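Summary of structural features
Chain by chain, the residues run as shown.
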Amino acid sequence: MSPSRSVLLVGEGNFSFSASVSQLYRETESVTATCLQSQEEALRHQGAATNIQVIEDSGGTVLFEVDCTKLGECASLRGRLFDRVVFNFPHCGRKSGVKKNRELIKNFFLSCVQVLAEDGEIHVSLCNGQGGTPADHPKREWHNSWQVAAMAAEARLILNDVRPFESGNYQSYKCTGYRSQDKGFHVEKGLVHVFTRSLPYTSAQIFTVEEVVEGEKVQYNIPAEFSDHIFRGFLCSGSVHPVKLVQDYILKGLTEKWSVSMTTEIIPFLLMATQLQASCCDIDSTHCYWINLVQKDLNASAEISTDKERDLVLHSQGQIDTQDVSSPTLVTSNEVNKVRSKGAESLRSACSLDVDPDEENGLFLLRPSLLPQMEELLTKKEEWIQNVGSGVENEGSYKSVEGHEKEEPSGDNNGVTTFLYGVSGLVFKNMHVNLWGLPAFHELLITGTFPSEVEPMRFIGQRLETLLAPYGVSLIEEKGGLRLTAAPMGLLGRVSESNARLNISHINITLSLNLDLLAVLLFSLPDWRILWSHDPRFLKQFSLRPSPGEPFQPFSLFPEHFTFDISFWTAPTWEERKFHAVVREASRGTVEQVKLIDTFSHPDLSQTSYCYRLIYRSHTHALSHTQALQFHQTLESLLSSQLQVTIR
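Residues numbered from 1 in each chain as written. Predicted model: local features only at pLDDT ≥ 70, side-chain atom pairs only at ≥ 80, totals over all residues. Heavy atoms only, no water.

1. Thoughts on the environment of Ala152
For the record, the criterion: We count a stretch as a helix when DSSP gives it H or I for four or more residues in a row; a strand needs E for two or more, and each element gets its number in order from the N terminus. The buried label applies to any residue whose accessible area, calculated with a 1.4 Å probe on protein chains only, is under 20% of its type's maximum; exposed applies above 50%, and partly exposed to all values in between. Contact criterion: two residues are considered in contact whenever any of their non-hydrogen atoms come within 4.5 Å of each other.
Relative to the assigned elements, Ala152 resides in helix α5 (residues 148-153). According to the relative accessible area criterion, Ala152 is buried, its value standing at 0%. A C-alpha to C-alpha distance of 9.6 Å links Ala152 and Arg197, two positions 45 residues apart in sequence. Residue contacts for Ala152: discarding those within four places in its chain leaves Phe109, Leu157 and Phe195.

And the structure:
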C-alpha cells in the first residue's frame, strides 16, 4: 500500500470541506484541518462540531488559531511538510477590497512554502473573476482582480493548472465566511488554481573553454549570456529534447529520398575571421560575437596529449561524454562541476565588437553558422566522395542516419545517385532582444551535389514542403534558392544552390534550418526560451518522443509581464548590441522585448541620452514584480560598470 498523502487545509469555517475530504480519501490522504478562530468561536458555526468529529474519527487532526499567513510560526506544524495545502475561497472578512485580499493571498503563499513538500501543490479556490487570469469568464480588469498568479510568484510559485471547483464531489460541503458570516460565496463557477514550486534562477558562471582552431590551441571566455546555453546535450544520442526530435523528423523525411550522413567529428565553437571570409557564408559581421582570447598557444599540435586516458570531453554539439580521448578539441580549463558550482561570480561578457574584423586577420568569433566548418570537412572528404561508388575503403567521419555499416549510393526518383552530408550544432548571432531574435540556436546544415538536369532545388523544395507545410511553413522562391518562413517567427531557414567546384555540370544544394524555431512551431511551444529550461516537467512531456503536431502543455500558465523603463547618458561612441547583451545577462533571459522610445543629444556636451522600454516575462520560472525589479536594478549596475553609462 502506498503511503498516504498529507493534506493541510487552512482558513476553514465550519470544517465541512475537510470532513468531506476525510471521508472521501480516508485511505489515501492524511488530513490536517485548521482555522483562524479559537475553538470556542469555531464551534459557533452551524455543523462545525459534527464535522470536527468526522475528521477526527477518520484519523485527521483539527487545529485552531492557525494563521495561514504565519504557518512557519505554528508550533503544531513545526517540522512537518505537506504534499498539498488547500485554501478555499480566501477572504479577509467583512467588506474588504481587492487590495487587502491580494495582500492576504500573497502572505499566504509566502508562508505556505515553509510547510510545503518539495514536489507539493497548493490549491487555492476562487470565485469566478477573482483570479485575474484568462481562465476567468468573464475576465475582470487587471487592477480589479486578485492577481493570483503574480501574488504566487512572490513566493517563487508558478500556476500549474486551473480546473473547475467541483462542489458536487463534496456532498456535505457548505461554504461559509462571506463577509464573516455563515453566508456562502458563489462557488458555482469557482476555479481551483494549482500552484507548484519554480526552479530558482541561476547566475551566469565563469566559463573558460579551450579548443584547437586552425592548429592553434586557444582559450577564451564564453560570453555571460551564453553560460547556460553550451554543453546542454540537446542533440546527443538518446536525447528526447524537442530540438533533437525535430532534427530526427527532418532527417527521416530526407532519407526516404536520399542517403544522409551526419558528421561525427567534433567541431569547435570558435572560428577565425579568415575561415568566415573564405567560406560562402553570407553573414553580417555586426551580427557576430567577436572574442578576445584568454590564452593562445601556437605549438598546440605538438603539445596535444596522445594518452588514451578516459576523461570528460565536452562536445561542440553539447553532449557530455566519457570516452577514450586522443586529441580533444574542446575542453574546459576547469572541472565541469567547478564551472557549474553555485556562487561563482558573474562573468563579464567577452564580446569585443569595438574592433573591425577587417583590420586584423587574427580575430576570433563564435560560429554564426556551421557552413565554414562544413566546407572544410567536405574538402577533406572530396577524395573519399569521388571514390564511394568504386568501393574504396576510407575511415570516414560521417555516420549514416539510418546507421548502415557501409554507405552505398542511393537514388532519387530519377535514378540519380547522390549523398547528402550534414552537421548540426549550436550557432550564435548577436541579435537585439525581441520576441523572435534568438542569440543562440541549433542549426541543421545539409549539403549535397546533384546533376543540374535533375532540378535538385525543385525536388528538395517539394520534400520540405511535404514535411513542413502542414505546420504552417511556407517556401518562398528568392534569388539563388528558397526561403522557409512561418508566422509569427519569420525566417526558419534557407535552401541555396551554387555551382559545384569539381564538376560544372553539377549543382551544390545547401539546406540550413533553425531547429529551435521549428521545435517551437511543430510542438506549439509558447516561447523559444522554454527550450533552455532545466525544469524536468519540460522534458517529461517529450519522454515518449511525441510526433510533431502534438501540442506542448505549459507547466507555467498565464505568466505575468512587467514593464520597466531605463534611461541613461552615453559617451560619443555607443554600440547598441552591447546594451542588448548586458540586458540578457542581467535579466537571466527574462526580458522578451526591448524598445527604444526616446533619444536626446545634448547640444553642448558630447553625450546622448537613450530611453528604452523593457518587458519582462518568463514561461519557465516564477517572475514576480519584486524579482523583475531586482533584475532591472542589476541591469542599471552592469550598464554603469561595463558600458560606462550614467543612469538618469
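2. Some remarks on the side chain of Glu211
Let me state the cut-off plainly: When charges are counted, Lys and Arg are positive and Asp and Glu negative, with His and the chain ends excluded. For this document, the term salt bridge refers to a Lys or Arg side-chain nitrogen within 4 Å of an Asp or Glu carboxyl oxygen. Counting of polar contacts relies on pairs of N or O atoms within 3.5 Å, with two restrictions inside protein: one atom must be capable of donating a hydrogen and the other of accepting it, and residues adjacent in sequence are counted only when both atoms are side-chain atoms.
Relative to the helices and strands, Glu211 is located in strand β8 (residues 208-213). It turns out Glu211 is buried and unbridged, and the closest side chain with the opposite charge, Arg367, is 6.2 Å from it. Within polar-contact distance, the side chain of Glu211 engages the backbone nitrogen of Leu270 at 3.2 Å.

3. Points about the packing of helix α6 (residues 242-255) against helix α12 (residues 515-522)
Stated precisely, the cut-off is as follows: The axes are straight lines fitted to the C-alpha atoms, using for helices just the contacting stretch, and the angles between their N-to-C directions are given from 0 to 180°. For this classification, under 35 degrees means roughly parallel, over 145 means roughly antiparallel, 65 to 115 means roughly perpendicular, and everything else is oblique. Gly is placed with the polar residues, together with every amino acid not listed as nonpolar (Ala, Val, Leu, Ile, Met, Phe, Trp, Tyr, Cys and Pro) or charged (Asp, Glu, Lys and Arg).
At a closest axis distance of 9 Å, the pairing of α6 and α12 adopts a crossing angle of 95°. Judged on the interaxial angle alone, α12 and α6 are roughly perpendicular. Here Pro242, Val243, Val246, Gln247 and Tyr249 of α6 come into contact with α12, specifically with Leu515, Asp516, Leu518, Ala519 and Leu522. Split into classes, the residues belonging to the contact of α6 with α12 amount to eight nonpolar, one polar and one charged.

4. A short note on the sheet that holds strand β11 (residues 270-272)
In any sheet, the strands associate via hydrogen bonds between backbone groups, in a parallel or an antiparallel arrangement. Convention followed: Here a strand pair is declared whenever DSSP counts at least two bridges between the two strands.
Pairing within the open sheet is antiparallel, and its three strands lie in the order β11-β17-β12. The open sheet is flanked by β11 and β12 (290-291), the only strands paired with a single partner. Where β11 and strand β17 (residues 364-366) come together, three bridges link them in antiparallel fashion. Within β17, the position partnered with Leu270 by the bridge is Leu366.

5. Considering helix α4 (residues 98-112)
Rules: How far a helix is expected to stretch is found by multiplying one less than its residue total by 1.5 Å.
The terminal C-alpha atoms of α4 lie 21 Å apart, and with 15 residues this matches the ideal 21 Å at 1.5 Å per residue to within 8%. Packed against the buried residues of α4 are β1 (5-10), β4 (82-88), β5 (116-126), α5, β6 (157-164) and β7 (191-197).

6. Some remarks on the packing of aromatic side chains
The cut-off we apply is this: Planes of paired rings set the category: under 30 degrees apart is stacked, over 60 is edge-to-face and the rest tilted, where pairs are Phe, Tyr or Trp rings (Trp by its six-membered ring) whose centres lie within 6.5 Å.
Tallied over the full model, the rule gives 30 aromatic pairs. An angle of 70° between the planes, with centres 5.0 Å apart, marks the rings of Phe87 and Phe108 as edge-to-face. In this pair, Phe87 is assigned in strand β4 and Phe108 in helix α4, connecting sequence segments 21 residues apart. Take Phe87 and Phe108: they sit in the same class, and that class is buried. The structure contains a cluster of three or more aromatic residues connected by ring pairs, namely Phe207, Phe226, Phe231, Phe269, Tyr289 and Phe428.

7. So, the nonpolar core
Basically, it comes down to this: In these notes, a set of buried Ala, Val, Leu, Ile, Met, Phe, Trp, Tyr and Cys residues joined through side-chain atoms within 4.5 Å is what counts as a nonpolar core.
Ranked by internal contacts, the top residues of the largest apolar core, which has 94 residues, are Ile230, Leu366, Phe428, Leu492, Val495 and Leu525. The contact partners of Leu525, leaving out residues within four places of it in the chain, are Ala519, Val520, Ile530, Leu531, Phe538, Phe542 and Phe552. One finds Val10, Ile105, Ile122 and Ala149 within the second-largest nonpolar core, a separate group that totals 36 residues.

8. Overview of helix α15 (residues 625-642)
Stated formally: Read the arc as the range of directions from the helix axis to the C-beta atoms.
With 18 residues, α15 extends 25 Å from end C-alpha to end C-alpha; this agrees with the ideal 26 Å at 1.5 Å per step. Listing the buried residues of α15 in full gives Gln627, Ala628, Phe631, His632, Leu635, Leu638, Leu639 and Gln642. For α15, the angular spread of buried residues about the axis comes to 140°, placing them on one side. As for α15, its buried residues are in contact with β26 (562-570), α14 (576-587), β28 (608-616) and β29 (646-647). Two residues or fewer after α15 comes Gln644, characterised by a positive phi angle close to 55°.

9. Notes on the pairing of β4
Successive residues of a regular strand alternate their side chains across the two faces of the sheet. Where burial is concerned, most of β4 is hidden: six out of the seven residues are buried. The sheet contact formed by β1 and β4 spans four bridges and is parallel. Across the sheet, the residue bridging to Leu8 is Val85, located in β4. Sheet analysis places β4 next to β5, joined by six bridges and oriented parallel. The partner of Phe82 across the bridge, within β5, is Leu116.

10. Here we look at the packing of helix α1 (residues 16-24) against helix α3 (residues 48-57)
What describes two packed helices is the angle between their axes and the distance between those same axes. The condition is simple: Left-handed describes a crossing in which the near helix is turned anticlockwise from the far one by less than a right angle; the clockwise case is right-handed.
Contact pair α1 / α3: the axes reach a minimum separation of 8 Å and the direction vectors enclose 30°. Regarding the angle of α1 to α3, the classification is roughly parallel. Crossing of α1 against α3: the hand is left-handed. Together, Ser16, Ser18, Ala19, Ser22 and Gln23 of α1 and Asn51, Val54 and Ile55 of α3 make up the contact between the two elements. In terms of residue class, the contact of α1 with α3 is built from three nonpolar, five polar and no charged.

11. Side note on empty space enclosed by the protein
The condition that has to hold: Cavities and pockets are found on a 1 Å grid laid over the protein atoms alone: a cavity is a set of points where a 1.4 Å probe fits but cannot escape, a pocket is an open set with protein on both sides within 12 Å along at least five of seven lines, and a lining residue has an atom within 4 Å of such a point. Grid points are joined across faces, edges and corners, and a volume is the space filled by probe spheres set on the points.
In this structure the tally under the stated criterion is three cavities of 30 Å³ or more. Of the pockets and cavities examined, the largest cavity occupies roughly 100 Å³. Lining the largest cavity are 13 residues, and of these Ala149, Ala153, Ser556, Pro559 and Glu560 sit closest to its centre. Looking at the lining of the largest cavity, the elements that each hand over two or more residues are α5 and β6. The greatest single-element share of the lining of the largest cavity, amounting to three residues, is contributed by β6. Grouping the constituent residues of the lining of the largest cavity by class yields nine nonpolar, three polar and one charged. By volume, the second largest cavity amounts to about 50 Å³.

12. Description of the sheet that holds strand β3 (residues 61-63)
Here we have seven strands laid out as an open sheet, ordered β3-β2-β1-β4-β5-β7-β6, and mixed in their pairing. Two strands in the sheet have a free side with no partner beyond their single neighbour: β3 and β6. Averaged over all pairs of adjacent strands, the angle between their axes in this sheet comes to 20°, without regard to strand direction. Each of β1, β4, β5, β6 and β7 is contacted by α4, which is oriented at about 160° to β5, the strand it contacts most.

13. Side note on the pairing of strand β24 (residues 490-499)
Relative to β24, strand β23 (residues 481-486) runs antiparallel, the two being bridged by six bridges. What sits directly across from Leu484, in β24, is Gly493. Judged from the seven bridges that link them, β24 and strand β25 (residues 506-514) form a sheet pairing that is antiparallel. Across the sheet, the residue bridging to Glu497 is Ile509, located in β25.

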